[in-house]
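Chain residues, written in single-letter form:
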Amino acid sequence: MRKTIVAPSILSADFSKLGEEIANLRDAGCERIHVDVMDGQFVPNISFGAPVVKQVRKMFPDMIFDAHLMIIDPIKYVEDFAKIGCDIIIVHIESLSGGRECLEKIHSLGCKAGISIKPKTPAEAILPLVDLLDEVLVMSVEPGFGGQSYIEGSEQKIAEVRKILDENGKQDAIVSVDGGINDETGMLCKNAGCEVLVAGSWIFGATNREERLHLFD
Ligand code: DX5
Ligand code: ZN
């Protein structure tokens, strides 16, 4: 079975001490930080942009940072996120420009490219892009807010995405999941072949973050 890690979403962090929050996760053995960028158009909420990520990224050069761009026209902004040192840039297939050109641009900037699919988007939607994918982020809630409940059955889509990647020679591409992850839903996703469990409220609300970070090791 593939290794599964938890990637905390800083959307649930205390922004008044973001550096301390990430240091605390790093000390607990966290490898990867998930950064939720929202524009108030693609999703109803506004979060933060590249200038905020830039500050914390440079404090933690050894961690993996992924930028989950929930924005309407991502191709316009991928360069900003590459320049500030994001390792993986994930764009939505349902956005205006989250297609081949955008993924190629992400690669040309030296980053890994991922596509995210919303709960109502079928797994097969990734097929036209499959050769360009380093990662597929399956949304297990409607994007826009932290703290929502996992949509039942999302693990089936994870298994379908894993199958599509494997059948298309993309065994090295990873499947991640985002939304409503906790001990139970995380295990369902891990068993379906998911390697990265994005978790916001479950990690930041924990008394023992270290235990949760390593629950699926
Ligand atoms: C939702 C974001 C998620 C969110 C997850 O639109 O993409 O990354 O922060 O939060 P939880 O784990 O609380 O559902
Ligand atoms: Zn996210």
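Nothing here was measured: the structure is a model prediction, and the numbers come from that model.

1. What to know about the coordination of the zinc ion (ligand 2)
Each pair of donors in an ideal octahedron of six around a metal sits at 90 or 180 degrees, and each pair in an ideal tetrahedron of four sits at 109.5 degrees.
Thinking step 1. For the zinc ion (ligand 2), the full set of protein donor atoms is His34 (NE2), Asp36 (OD), His68 (ND1) and Asp178 (OD), and the range of their distances to it is 2.0 to 2.3 Å.
Thinking step 2. For the zinc ion (ligand 2), the 6 donor atoms are set out with angles of 69 to 169° between them, so the coordination reads as octahedral.
Thinking step 3. All donor residues of the zinc ion (ligand 2) come from one chain, and their arrangement in sequence is H-x1-D-x31-H-x109-D. Here Asp178 lies in strand E7 (residues 174–178) and His68 lies in strand E3 (residues 64–70), a separation of 110 residues in the sequence. Here His68 and Asp178 have matching classes, each one buried.

2. A word on the pattern of salt bridges
Thinking step 1. Enumeration over the complete set of coordinates arrives at 15 salt bridges.
Thinking step 2. Close ionic contact of Arg162 with Glu195 constitutes a salt bridge, the shortest N to O distance being 3.7 Å. With Arg162 in helix H5 (residues 154–167) and Glu195 in the loop between helix H6 (183–191) and strand E8 (196–199), the pair connects residues that are 33 residues apart, well separated along the chain. Both residues of the pair, Arg162 and Glu195, belong to the buried class.
Thinking step 3. One salt-bridge network, held together by shared partners, links Arg2, Arg162, Asp166 and Glu195.

3. Looking at H6
Thinking step 1. Of the residues making up H6, those classed as buried are Thr185, Gly186, Cys189 and Lys190. One side of H6 holds all its buried residues, which, seen down the axis, span an arc of 140°. Across H6 from its buried face, at more than 90 degrees, point the exposed residues Glu184 and Asn191.
Thinking step 2. The distance from a side-chain oxygen at the start of H6 to the backbone nitrogen of Glu184 is 2.9 Å, and the residue carrying that oxygen is Asn182.
Thinking step 3. Directly beyond the C-terminal end of H6, a positive phi value near 105° is found at Gly193.

4. Some points on the packing of helix H1 (residues 18–27) against helix H2 (residues 50–59)
Thinking step 1. Remark: H1 packs on H2, axes separated minimally by 10 Å, with the N-to-C direction vectors making an angle of 40°. By the criterion of interaxial angle, the relationship of H1 to H2 is oblique. The crossing of H1 and H2 is right-handed. Between H1, through Leu18, Gly19 and Ile22, and H2, the contact on the second element is made entirely by Val52, Val56 and Met59.
Thinking step 2. In terms of residue class, the contact of H1 with H2 is built from 5 nonpolar, 1 polar and no charged.

5. Comments concerning the nonpolar core
Thinking step 1. With 65 residues, the main nonpolar core has Phe81 and Ile89 as its most contacted residues.
Thinking step 2. Each residue touching Phe81, except ones within four places of it in the same chain, is listed here: Val37, Gly49, Ala50, Val53, Ala67, Leu69, Cys86 and Ile89.
Thinking step 3. Ranked by size, the runner-up nonpolar core spans 10 residues in total, among them Ile88, Leu137, Val196 and Val198.

6. Remarks on the environment of Ile164
Thinking step 1. Along the polypeptide, Ile164 turns up in helix H5.
Thinking step 2. Separated by 38 residues in sequence, Ile164 and Trp202 have C-alpha atoms that sit 29 Å apart.
Thinking step 3. Discounting residues that sit within four places of it in the chain, Ile164 has contacts with Ala123, Glu124, Ile126, Leu127 and Val130.

7. Side note on the pairing of E7
Thinking step 1. Most of E7 is tucked away, with 5 of its 5 residues classed as buried.
Thinking step 2. What you see with E7 is no split at all: Ile174, Ser176 and Asp178 on one side and Val175 and Val177 on the other are buried throughout.
Thinking step 3. Sheet topology note: the strand E6 (residues 135–139)/E7 ladder contains 5 bridges and is parallel. From the neighbouring strand, Glu135 faces E7, where its bridge partner is Ile174.
Thinking step 4. In terms of handedness, the path from E6 via H5 over to E7 forms a crossover that is right-handed.
Thinking step 5. The pairing of E7 with E8 spans 3 bridges and is parallel. Following the sheet pairing, Asp178 is matched in E8 by Val198.

Definitions and limits used
- Residues numbered from 1 in each chain as written.
- Chains lettered and ligands numbered in written order.
- Predicted model: local features only at pLDDT ≥ 70, side-chain atom pairs only at ≥ 80, totals over all residues.
- Heavy atoms only, no water.
- Donors = N, O, S within 2.8 Å, 3.2 Å for Na, K, Ca; no water.
- Tetrahedral: all angles 85-135°; square planar, octahedral: opposite > 155°, others 65-115°.
- Helix = DSSP H or I, 4+ residues; strand = E, 2+ residues; numbered from the N terminus.
- Buried < 20%, exposed > 50% of the residue type's maximum accessible area, 1.4 Å probe, protein only.
- Salt bridge = Lys/Arg side-chain N within 4 Å of Asp/Glu carboxyl O.
- Arc of directions from axis to C-beta.
- Polar contact = N/O pair within 3.5 Å; in protein donor to acceptor, adjacent residues only side chain to side chain.
- Axes fitted to C-alpha atoms, helices over the stretch in contact; angles between N-to-C directions.
- Parallel < 35°, antiparallel > 145°, perpendicular 65-115°, else oblique.
- Left-handed = near helix turned anticlockwise from the far one by under 90°.
- Contact = heavy atoms within 4.5 Å.
- Nonpolar A, V, L, I, M, F, W, Y, C, P; charged D, E, K, R; others polar.
- Core = buried A, V, L, I, M, F, W, Y, C linked by side-chain atoms within 4.5 Å.
- Pairing = 2+ DSSP bridges.
- Right-handed = clockwise from strand over helix to strand, strands pointing away.

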